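# What the coordinates show
Each chain is listed here by its residues.
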Amino acid sequence: MPDKNSKVIYKSQLSTFNLVVMILGSLFLIGIGINFLLNTQESGINWFIIFPLGFIFLGGLIASNSLMLCSVIITKEYIILNYPLTGRKKHIEWKSISDAGMRFITTKSNGGDYSFRKGKEIRLFSNGKNYHFTTFALKEPEKLIFEMKKRLGSNLKTKMKNEYQQSEKEFWKNEDDYRIWMMKIVLPICLIILALLWILKK
């Protein structure tokens, strides 16, 4: 059983702003979807049901992700994942962690999104179970990463570092490819179309 009196070395806090945005966002999308559904299906179910169901599904997905948000507590013996919305806590012994990973993630939604946050997704494997959380939902996440690396083995730290660097490299390569594609293909085609429209109007 976990030692309730273990000294807390590090305790993260959930980002209140992030939590509120996710909850309100899920309620908004579900509400819009239900309202849309009631207004478009009055004369019976038809193909247009795809759109409101899409809103409801997206809202439900955000709501389920909100339930999985957790803060992290670190003691000498355990890393503790605390899920405040469900009241659950997971105690993971450091010595039981057999695998770990860390990926570069962003809030970027599409190629034209210039304003986005960057973060990390942490994955831990212990006693046949996978645990994961992202740094988006946490305040001062770099302190958490620092404390974790102090307690993981050198092989796991190297694996996490390599995985993170590789995923970050792939992201920026895709960004560069997208910019090149836009400049060399999409933009010239758009300019040609505009030129043709201008010529035809004369």
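That block above? That's the structure.
Report follows, based on the coordinates. (Residues numbered from 1 in each chain as written. Predicted model: local features only at pLDDT ≥ 70, side-chain atom pairs only at ≥ 80, totals over all residues. Heavy atoms only, no water.)

Take the environment of L194 next. Tracing the backbone shows L194 in helix α4 (residues 154-201). L194 gets classed as exposed once you look at its relative accessible area, which sits at 55%. For the pair formed by L194 and A100, sequence separation is 94 residues and the distance between their alpha carbons is 52 Å. (Helix = DSSP H or I, 4+ residues; strand = E, 2+ residues; numbered from the N terminus. Buried < 20%, exposed > 50% of the residue type's maximum accessible area, 1.4 Å probe, protein only.)

Across soluble globular proteins, nonpolar side chains have a tendency to be buried as a group. I79, L81, L124, F133 and M148 are the most contacted members of the largest nonpolar core, which has 31 residues in total. Of all the secondary-structure elements, those providing two or more residues to this core are α1 (16-40), β2 (71-75), β3 (78-83), β5 (97-106), β6 (118-126), β7 (129-134), α3 (141-151) and α4. Apart from the residues lying within four places of it in its own chain, the contact partners of F133 are C70, V72, L81, K120, E121, I122, L124, L138, L144 and M148. (Core = buried A, V, L, I, M, F, W, Y, C linked by side-chain atoms within 4.5 Å. Contact = heavy atoms within 4.5 Å.)

Moving on: unusual backbone geometry. The phi torsion at N127 lies on the positive side, around 50°, for a residue other than glycine. You can see N127 is positioned in the loop between β6 and β7.

Strand order in this open sheet of three strands is β5-β6-β7, and the pairing throughout is antiparallel. Two strands close off the open sheet at either side, each with one partner strand: β5 and β7. Averaged over neighbouring strand pairs, the angle between their axes works out to 15° when direction is ignored. Note: β6 against β7, six bridges, orientation antiparallel. Counterpart to S126 in the pairing with β7 is K129. (Pairing = 2+ DSSP bridges. Axes fitted to C-alpha atoms, helices over the stretch in contact; angles between N-to-C directions.)

This part covers the pairing of β3. β3 sits mainly inside the fold: six of its six residues count as buried. Both β2 and β3 contribute to a ladder of four bridges, which runs antiparallel. Paired with S71 across the strands is N82, a residue of β3. Adjacent in sequence and paired antiparallel, β2 and β3 are bridged by two residues. In terms of strand pairing, β3 meets strand β4 (residues 88-93) through six bridges, oriented antiparallel. Bridged to Y83 within β4 is R88. Where β3 folds back onto β4 in an antiparallel hairpin, the turn is made up of four residues, including G87, whose phi is positive at roughly 75°.

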